[in-house]
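# Survey of secondary and tertiary structure
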Amino acid sequence: TRSAIGVKGMNAVAANGTTDAAPCPFSQQDLEKELEDSIECLRQVGIILENYSGAQNEACYFDMMNTVVAHYGRLYSMRGAVTDRVPVKVIEDYLDKGLSPELYTKHRLQFADELYQHNKGRVDSLRLLHDHVQREVERRLGPSPIVKRIHHLAPDPMHIDHTAAGGGL
């Protein structure tokens, strides 16, 4: 388990994964700039690896690797600049496969719409069943007492208005 990190100006991470309220000295713009620099450095490492021709480029290669490690260290120290949480499923199913996070959002919205349509169909079916059962009960047993419905709440067909039926408590 991780214990609390007491670094001045950074959010400390407790053993349970929560952060304290200490302000982070880095802004999101600083983090974005560092990410851009890291990506550029990784691109340059890729070029060096493509053109790797042995021991004469080894020093340059190791210098670039040290620069990449330094970028990762700075990114780690800036982790408190972002308070948004990214679901692990987005990282595993989309980012690791090179897909856009917007695609995840689109798929989640489509899934939510499908669930909505499915549940709306259930509710509509239950309303039809309720109306059919109510008509059959009235047809076989006669009219029921006046049912008081409250429109701002869900209708309660079991509530009988005793004052309208002539009775009272």
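Let me begin by describing the structure that accompanies this report. Just so you know, these numbers come straight off a predicted model, no measurement behind them.

Summing up its helical and strand segments, the chain has four helices and zero strands in all. Listed N to C, the secondary structure of the chain is α-α-α-α in terms of helices and strands. Residues counted as buried form 13% of the 169 residues belonging to the chain. Considering only residue pairs separated by 6 or more positions, the chain has 38% of its internal contacts joining residues 24 or more positions apart. By element, 59% of the accessible surface of the chain is carried by carbon and sulfur atoms, the whole surface being about 13400 Å².

Counted according to the given criterion, the structure contains two aromatic pairs. Here the aromatic rings of tyrosine 61 and phenylalanine 62 are separated by 5.4 Å at their centres, their planes lie at 65°, and the arrangement is edge-to-face. Residue phenylalanine 62 is classed as partly exposed on the basis of its relative accessible area of 44%. Centroid distance tyrosine 94 to tyrosine 104: 5.2 Å. Interplanar angle 75°. Geometry classified as edge-to-face. One end of the pair, tyrosine 94, is in helix H3 (residues 88–95); the other, tyrosine 104, is in helix H4 (residues 101–141), and ten residues separate them in sequence. The burial state of tyrosine 94 is the same as that of tyrosine 104; both residues are buried. Taking NZ or CZ as reference, arginine 79 lies 4.1 Å from the ring centre of tyrosine 76, over its face.

Reading guide: rules and limits
Residues numbered from 1 in each chain as written. Predicted model: local features only at pLDDT ≥ 70, side-chain atom pairs only at ≥ 80, totals over all residues. Heavy atoms only, no water. Helix = DSSP H or I, 4+ residues; strand = E, 2+ residues; numbered from the N terminus. Buried < 20%, exposed > 50% of the residue type's maximum accessible area, 1.4 Å probe, protein only. Contact = heavy atoms within 4.5 Å. Areas by Shrake-Rupley, 256 points an atom, 1.4 Å probe, with all protein chains shown as cover. Phe/Tyr/Trp six-rings, centres within 6.5 Å; stacked < 30°, edge-to-face > 60°. Lys NZ or Arg CZ within 6 Å of the ring centre and 35° of its normal.

Any link to function would need more than the numbers given here.
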